[in-house]
Amino acid sequence: MNKLRGMANSRLQHITSGLLLICVVLLGQKQIGTQAVVCPLYCLQVDYVTCPSSGSQKLPARCNCCMAPKGCTLHLSNGRQQACS
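Summarised in this report is the structure supplied together with it. Since the model is a prediction, treat every value here as computed from it, not as a measurement.

### Comments concerning the state of the cysteines
Here a disulfide denotes a covalent bond joining the sulfur atom of one cysteine to the sulfur atom of another.
Part 1: In this structure the tally under the stated criterion is four disulfides.
Part 2: Disulfide pairing is shown between Cys39 and Cys66; the S-S distance is 2.0 Å. An S-S torsion of about -70° defines the bridge between Cys39 and Cys66 as left-handed. Here Cys39 is found in the loop between helix 1 (2–30) and strand 1 (46–50), whereas its partner Cys66 is found in the loop between strand 1 and strand 2 (73–76), with 27 residues between them in sequence.
Part 3: Of the residues examined, Cys66 reaches a relative accessible area of 29% and is grouped as partly exposed.
Part 4: The disulfide bridge from Cys51 ends at Cys72, spanning 1.9 Å between sulfur atoms. Looking along the S-S bond of the Cys51-Cys72 disulfide, the torsion reads about 110°, which is the right-handed sense. With Cys51 in the loop between strand 1 and strand 2 and Cys72 in the loop between strand 1 and strand 2, this residue pair connects regions lying 21 residues apart in the sequence.
Part 5: By relative accessible area, Cys51 is classed as buried at 7%.
Part 6: What makes Cys72 buried here is its relative accessible area of 2%.
Part 7: Described in terms of the sequence order of its bonded cysteines, the disulfide pattern of the protein chain is 1-6, 2-4, 3-7, 5-8.

What counts, and at which threshold
- Residues numbered from 1 in each chain as written.
- Predicted model: local features only at pLDDT ≥ 70, side-chain atom pairs only at ≥ 80, totals over all residues.
- Heavy atoms only, no water.
- Disulfide = S-S within 2.5 Å.
- Helix = DSSP H or I, 4+ residues; strand = E, 2+ residues; numbered from the N terminus.
- Buried < 20%, exposed > 50% of the residue type's maximum accessible area, 1.4 Å probe, protein only.

Dropping the structure here:
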């Protein structure tokens, strides 16, 4: 009887280990290609934003280039412009 219990425990451990390994692999695959983006904690005085995709349309102001789509331009309140690359 003890031998059967030992075999059952061993089989349960193998199944548990296999399931854990599958979960780790699946979770690892989900994170491939993701990158964390850290935005600076400052805001420029932006009047409006323009983007090539919207032509000359004035879009709502964004805090800085991290918050604006790539390729867009921030139009600052002092008349300067900042291109977001």
